[in-house]
Amino acid sequence: MILAPMQGLTEVLFRRVYEECFPGAIALAVSPFIALTKNLRFSTDNAQIADVLPENNVGSIPVIPQILGKEPDEFITLGNRLYDLGYNEINWNMGCPMRAIAAKHRGSGILPYPDEVRSILDQVVPALKSTLSVKVRLGLKDKNDIFNLVPVFNDYPLASVTIHPRLGCQQYTGHPDLDTFGEVLPLLKAPVIYNGDILTATDARRIRERFPQVADIMVGRGVLYNPSLPLEMKTEDSTLNSQFIRRLMEDILLRLPTDESRIRKMKEYWCLLWKSLPISEMQARKVLRQEKLTIVEKMICDFLQ
């Protein structure tokens, strides 16, 4: 099982604590994206870069850095810097559904333009020291986008193709289009990884049973809803989940510099993690309404007893 990239959530703070509490449960993670910008600062001052620096990932889930962008020269420069740090694979984000990103032909916004994708791959693949994988959706507004991209992808030695079978315009609404995913799966030469709405162990089993050709499964929200999901534990058994949440909150208090940043990060995680505990949504929302760190910390600790 692979941990999906979720901006602001599956960063190294989360990955490190997760590996400590559930060693080996998740074999690999794809990092939240590093956005290509001119004169990208490759330093610890850049949070996106700091997230994948090897010294920050000691004891963490092994990670594949993900790049968001479409500028070949900048892609190659960043990719090769990451290779020099020890990363043998880079992932290209072609699935981000955020409208502001898609409008710039980034993320899922590039999916309707196979010629543009080919042009980028023509330049990037031969120049990268590492291998390249891609993460895509079925399309931006039309599921036929993916069928137009298949012959493009098949012309390059991609490490894998991860498919989230929604359209970019859907964001995270509706349901994954498993029928179209099933049509695309046998057409791709590269190993295919499934991503999308794996919220329970039963969901994962159903995908593997229906699509035995799938190389692996990528899970995002499901691990935030139930951290013990990769161990196929019952969601109502919250013992290990409570331990994990407690350690994550401790790490937030230890590593973030201000009360404001600590309470913001605690609430970001709490919005999802409370679902793994035997409490009601009404109880969970009481935490989100608090503005003082000490109160938020105490309320969460009380729920973890």
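It should be noted that the structure appears before, not after, this text.
Analysis parameters
- Every chain's residues receive numbers from 1 upward, in the order its sequence appears when written.
- Local features in this predicted model are restricted to residues whose pLDDT is 70 or higher, and side-chain atom pairs enter the listing and the counts only when it is 80 or higher, whereas totals over whole chains, interfaces and linings include all residues.
- Derived side-chain values reflect all non-hydrogen atoms in the structure, with water molecules and hydrogen atoms excluded from consideration.
- Centre distance within 6.5 Å is the pairing criterion for rings of Phe, Tyr and Trp, where only the six-membered ring of Trp is used; planes under 30 degrees apart are then read as stacked, over 60 as edge-to-face, and the remainder as tilted.
- What counts as a helix is a DSSP run of H or I of at least four residues, what counts as a strand is a run of E of at least two, and both are numbered from the N terminus.
- Residue exposure (1.4 Å probe, protein chains only): buried if accessible area is under 20% of the type maximum, exposed if over 50%, otherwise partly exposed.
- Look at NZ for Lys and CZ for Arg. If either is within 6 Å of the ring centre and within 35 degrees of the ring normal, a charge sits over the ring.
- By convention in these notes, a salt bridge is any Lys or Arg side-chain nitrogen within 4 Å of a carboxyl oxygen on Asp or Glu.

A. Structural context of the packing of aromatic side chains. Within the structure shown, the criterion is met by 10 aromatic pairs. Geometrically, the ring pair formed by Phe14 and Tyr18 is stacked, given 5.9 Å between the ring centres and 25° between the ring planes. Of this pair, Phe14 and Tyr18 both sit in helix α1 (residues 12-21), separated by 4 residues, roughly a single helical turn. Here Phe14 and Tyr18 have matching classes, each one buried. When the centroid spacing of 5.5 Å and the interplanar angle of 70° are considered together, the rings of Tyr18 and Phe244 count as edge-to-face. Of this pair, Tyr18 sits in helix α1 while Phe244 sits in helix α10 (residues 239-255), placing them 226 residues apart in sequence. The ring of Tyr172 carries Arg137 above its face, with NZ or CZ at 4.9 Å from the centroid. Above the plane of the ring of Tyr225 lies Lys275, whose end atom (NZ or CZ) is 5.2 Å from the centre.

B. Highlighting unusual backbone geometry. Of note in the backbone geometry, His105 takes a positive phi value of approximately 60° without being a glycine. Its place among the elements puts His105 in the loop between α4 (99-102) and α5 (114-127). You will see that Gln171, though not glycine, has its phi angle at about 55°, which is positive.

C. How the structure looks around the pattern of salt bridges. Across all of its chains, the model carries 19 salt bridges by this definition. Here Asp155 and Arg118 are joined by a salt bridge, their closest N and O atoms 2.9 Å apart. Placement of Asp155 in the loop between α6 (144-153) and β8 (161-167) and of Arg118 in helix α5 is noted, with a sequence separation of 37 residues between them. You can call Arg118 partly exposed: its relative accessible area is 27%. A salt bridge links Arg285 to Glu281; the shortest N-O distance between them is 2.9 Å. Highlighted residues: Arg285 and Glu281, both in helix α12 (residues 281-288), separated by 4 residues, approximately one helical turn. With a relative accessible area of 41%, Glu281 lands in the partly exposed category. If you follow the salt bridges from partner to partner, you end up with Arg16, Glu20, Arg247, Glu250, Asp251 and Arg255 in one network.

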